[in-house]
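Analysis of the macromolecular model
As a plain string of letters, each chain reads:
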Amino acid sequence: MKKTLSFYISVFLCITAGAHECIAAPSVNLRSGTSSPRTVIDFNTRWLFKTGDLPNGAAVTLNETSFTPVCLPHANTIVPHRGFDMKIFRNVSWYRRHFTPPPECRERRFILDFQGASQITEVFVNGTAVGIHRGAYTPFSFDITDHLSFGKDNVIAVRVDSRKHREIPPEGQAIDFMLFGGITRDVSMIITSPLHVDWIFASRDSIMKNRVNIRSRIINCDTVGRECIIETRIIDTTGATVAFGSASGTVEAASSLEVAYTTTPIDRIREWDIDTPYLYTVRTRIQIDSVAVDEYSEKTGLRSFSFSRADGKFYLNGRPVWLSGLNRHETFPFIGRAAANRLQAADADILKYELGCTIVRCSHYPQDPEFLSRCDEIGLLVLEEIPGWGYVGDSAWQAITLRNVEEMVVRDRNHPSIISFGVRINQSHDFNDFYRETNRLSRTLDPTRPTHGVRLKGRYAPENYLEDVWTHNFIIPEGKPQHLPWLITESFGINCQVHSWDNEEKLIRILLRFAEVMDSVAANPYICGQIGWCAFDYNSGYPTADNGVCYYGAMDLYRIPKHAGMFLKSQGDPATVGPVVYIAHTWNRKLSPNDVWVASNCDKVELFIGKKSLGIKKPDRFPSLPHPMAVWKGIPFKPGMLRAVGYCSDTIAAVHTRKTSKGPVTLKMIPDATQLIEGGDMTRVVVLAVDRYGQTSSAPNTIVELAVTGAAAFVGQHLIALEDGKTAFFVKTKAGETGPVTCRAKARGLAPAVVKMAVQSAPENLTDCRIQR
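These figures come from a predicted structure and were not determined experimentally.

Quick word on the side chain of D537
Mapped onto the fold, D537 is located in the loop between strand 30 (527-532) and strand 31 (538-539). Reaching out from D537, the side chain makes a polar contact with the side chain of K562 at a distance of 2.9 Å. Once residues within four sequence positions are removed from consideration, D537 is found in contact with V549, C550, Y551, Y552, G553, M555, D556, L557 and K562.

See below:
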């Protein structure tokens, strides 16, 4: 799991406006702690689950025989990939977990940390309510120490209400995506001292750029005040300390202290950049009388960036960077948002390496921490925003949004990939007092990042520009726009829905629409970039959806590219995505038009029919694109082979071949990973119908039967129709089970396919306070 160590104002049982207090524990000997100042336990396994509300769901003595063992993240309902009623996941469910904290840990604090659950979550320990959180997309934590019985079995019970709640953002009116239900992100148990770090915020000093500014909040849950030293070390990837800073102070009983200090200079600082995403570890330790009582670590990158109000460009470390990317919903087929970390990280890789993005917009809510961490690791820029879609509710609704702003910014301000926080509800009307407050709060919590607010034509007055970056959906201004900087946050999307199984003429038309819009934006030097709608098809209950799916994606639900997806990859830098040449044509008489479009990031492209060359072209269609396209017009169809060769500096760099198909003959399965970890790890398995050349081939009305046996579970539809010869499913590992896994696929008239996997043991969480996983 992603070991997120931060926890927030709501953690500590007692909240005051603008201040955080603890209910103090009895005074303890902080110097008698364990050798590890802080331990974070993966708490994703050994949960029990039951759908339906239970009047005694929190009771310690509840009969659990009707509960099902599950690993988190967990969807309260496995849904079909399309054509389902949202009511099937709009329910109340219960999760329960037993654990025994050893007696030697009774002087520690136990904090139960949730990355997210959808969408009202009530937590009980041994039958006593310890806290409630409202919202599906932001983290929350509760200090449960005072409700534990050490050396005995304890029961954590979690009631998750996933019904429709108009009083909680993003709901209030119809929205263009599904929230889904369950404990949809990781859970961990933080074990630490009563005097501990709540959060740290590390940022590069804007003047002395080789120094790091540190802000930190220290919490004291003890009944006596504590004098302490707070030390921070900046550690490079070799493990060497390259900078150091410290502060000291007294944290009064049941209180908190915020400190700020600057580190010593870093010699030969390594900047974080999209091509060289260098990450430092920021390690903060609290000491009393030279004894460490808590230690907290985060990774961050040190970079300088700005949006220029003069020329409209985005600058990273002093150089202009063109922002080109896609919107991402973090939803997946069958499981909704309950995706394991491997799937979250894979989406970031897909966006950068398979779709050629330099930026992703997290639409329309804060997304999983593992996705953001992977963006940090690979150098993918991020726009993040608060939950919402076109609607602003009453004062109570707005108060939850303000909490969302705080939860989002505090959680994510150490991510170097994030270049702006969105503090206006997507496509909403002007609510000036409300948006002044969201902007003020974001800038207070993080003065280093600009704010933005995504607008839609007709829903705002231009003079109500309260943010730092003007972001707009669908409008491509001609010449210099009214506001700078100007970033288009949704392009392509209008009237661009296309199924992967649609006729090829439509698929090519949508590809060319993507190219036309991207070319128009790139031709205007005042626009700093565009973010297309969208990366992946997604489930939606909105009227524009087709049988529960919006088909705007450059890839389908399963992350398999359409023609438009391959075009976008061709717009990526060859150094990042590799050399690309792609024939947007299946070379089939019944399906293919006479014009042959080729997308490539190579210098030149040569097209062949069989062995006959149709000539070499320097791509020139849509000339403002990073890599223009090439087209050969009016090519008469001749059964056989169509081949495109891409040249870089007169050397063959990429080749793509299409052969006239006579239909599929066999199934093929492609797993993303074959080595999995027990305890909830997941991987995607793509299933294809392929012809005798190994090409994916359309197989209309073909039903595939899928099965998984061994030390993992099948997640998907056992019987499913291929769409354009394609489908996919997931494999999810179980708690405590290792060994082989076999995946099988069969369909009438096609040779079957088999894939083998293996599940390995999870690394042990070693701690002096051992807790059963």
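Notes on the sheet that holds strand 35 (residues 604-609)
The sheet built from four strands is open, its strands ordered 36-35-38-39 with antiparallel pairing. The open sheet terminates on both sides in strands that have one partner only, identified here as strand 36 (612-617) and strand 39 (651-659). Recorded for the sheet is a direction-independent mean angle of 15° between the axes of neighbouring strands.

A word on the pattern of salt bridges
Oppositely charged side chains can form a pair if their charged atoms are brought close together. By the definition in use, this model includes 45 salt bridges. A salt bridge links R440 to E437; the shortest N-O distance between them is 2.6 Å. Of this pair, R440 and E437 both sit in helix 4 (residues 432-445), separated by three residues, roughly a single helical turn. In this structure R440 comes out as partly exposed when scored by relative accessible area, which is 40%. Judged by its relative accessible area of 28%, E437 is partly exposed. If you follow the salt bridges from partner to partner, you end up with R185, E330, R337 and D368 in one network.

A few points about helix 4
The terminal C-alpha atoms of helix 4, which comprises 14 residues, lie 20 Å apart, in line with the 20 Å expected from a rise of 1.5 Å per residue. Turning to helix 4, its buried residues number three or more, namely F434, Y435, T438, N439, L441, S442 and L445. Looking straight down helix 4, one finds its buried side chains confined to an arc of 165°; they lie on one side. Contacts from the buried residues of helix 4 go to strand 13 (195-204), strand 14 (212-220), helix 3 (395-412), strand 26 (418-422) and strand 27 (451-455).

Some details on helix 2 (residues 369-378)
Here helix 2 lies mainly inside the structure; eight of its ten residues are buried. Of all the residues in helix 2, the buried ones are P369, E370, F371, L372, S373, C375, D376 and I378. In this fold, the buried residues of helix 2 make contact with strand 23 (323-328), helix 1 (341-354), strand 24 (359-362), strand 25 (381-385), helix 3 and strand 26. You can read the cap of helix 2 off the contacts: a side-chain oxygen lies 2.8 Å from the backbone nitrogen of E370, and it is on D368. Two residues or fewer past helix 2, G379 is found with a positive phi of approximately 80°.

The rules behind each value
- Residues numbered from 1 in each chain as written.
- Predicted model: local features only at pLDDT ≥ 70, side-chain atom pairs only at ≥ 80, totals over all residues.
- Heavy atoms only, no water.
- Helix = DSSP H or I, 4+ residues; strand = E, 2+ residues; numbered from the N terminus.
- Polar contact = N/O pair within 3.5 Å; in protein donor to acceptor, adjacent residues only side chain to side chain.
- Contact = heavy atoms within 4.5 Å.
- Pairing = 2+ DSSP bridges.
- Axes fitted to C-alpha atoms, helices over the stretch in contact; angles between N-to-C directions.
- Salt bridge = Lys/Arg side-chain N within 4 Å of Asp/Glu carboxyl O.
- Buried < 20%, exposed > 50% of the residue type's maximum accessible area, 1.4 Å probe, protein only.
- Expected span 1.5 Å × (residues − 1).
- Arc of directions from axis to C-beta.

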